[in-house]
Amino acid sequence: MSTWILLRGLTREAAHWGAFPGRLAEALPEARLVMLDLPGNGERHGEHSPWSVAAMAEACRAELRRRGIAPPYHLLAMSLGAMVATDWARQAPGEVASCVLINTSMRPFSPFYRRLRPRNVGRLLSVALFTRDPLAIETAVWRLTSNRSRLDGATLALWVAARAARPVVRANALRQLVAAAHYRAPLSAPVSR
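Computed from a prediction, not measured in an experiment: that's the story for all the values here.

Parameters and conventions
In this numbering scheme, every chain counts its residues from 1 along its sequence in written order. Restriction of local features to residues with pLDDT of at least 70 applies here, the model being predicted, together with a cutoff of 80 or more for giving and counting side-chain atom pairs; totals for whole chains, interfaces and linings are based on all residues. The side-chain figures draw on all heavy atoms in the structure; neither hydrogens nor water molecules are used. Salt bridge, as used here, is a side-chain nitrogen of Lys or Arg placed within 4 Å of a carboxyl oxygen of Asp or Glu. Each residue is assigned to one of three classes by its accessible area relative to the maximum for its type, calculated with a 1.4 Å probe on protein chains only: buried under 20%, partly exposed between the two thresholds, exposed over 50%. Should DSSP find at least two bridges between two strands, the strands are regarded as paired. The helix and strand labels rest on DSSP assignments: H or I over at least four residues marks a helix, E over at least two residues marks a strand, and numbering proceeds from the N terminus. The axes are straight lines fitted to the C-alpha atoms, using for helices just the contacting stretch, and the angles between their N-to-C directions are given from 0 to 180°. The contact rule is simple, with two residues in contact once any of their heavy atoms fall within 4.5 Å.

Chemist: An account of the pattern of salt bridges is needed here, citing residue identities and associated values.
Modeler: Here the structure, examined in full by the defined rule, presents 10 salt bridges. Note that R44 is salt-bridged to E47, the shortest N-O span being 3.0 Å. Residue R44 is classed as buried on the basis of its relative accessible area, which comes to 13%. Salt bridges sharing common partners tie together E58, R61, R65 and E95.

So, in structure tokens, the structure goes:
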């Protein structure tokens, strides 16, 4: 049985996968799927987020050891989670059977202006610093990250419920943003051992 670890990104948690894990389970019926939250997010929202991607990867590895889930792992990761997966493969290539990286924007492969478009900086800062209403925050996230013009009410409701149940504190959001901004991926893929 193969083990697939799903990792989300900046201030996001397992609930933000929505229906995707169910679809993946249908496509991979023999696989075990583990949705792992980064420290500071989701089930781990009471923890401090590390200041570095490397420390986030180590925290994920430690959590799987704590749960008794042994490698090898297939890592399916999005955004900041993809940076964590990349560093995980660098730290422990023998643990990682494969990585599927979605919507990541790592240096040196993506320049700053593609990782965070200048036209979105003001909106992002305004939401992060001054907006308190969960629906307004999640609507802004939808508009910044989706190419769909029409809002999906069911998805927004799920996101708002997750934010209410397991809020990410501003200090953790800042730590995650700093970790992502400072992360630099290796130029070559890790060599499996």
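Chemist: Account for the sheet that holds strand β3 (residues 73-78), with residues named and values stated.
Modeler: The parallel open sheet is built from four strands, whose spatial order is β2-β1-β3-β4. Here the strands that pair on one side only, and so sit at the sheet edges, are β2 (32-36) and β4 (96-102). When strand polarity is set aside, the average angle formed by the axes of neighbouring strands in this sheet is 20°. Pairing analysis gives five bridges linking strand β1 (residues 3-7) to β3, with the strands arranged parallel. Across the sheet, L6 pairs through a bridge with L76, a residue of β3. Helix α1 (residues 20-27) contacts β1, β2 and β3 of the sheet and is inclined by roughly 160° relative to β2. Packing of helix α3 (residues 80-91) onto the sheet brings it into contact with β1, β3 and β4, and relative to β3 it is tilted by some 150°.

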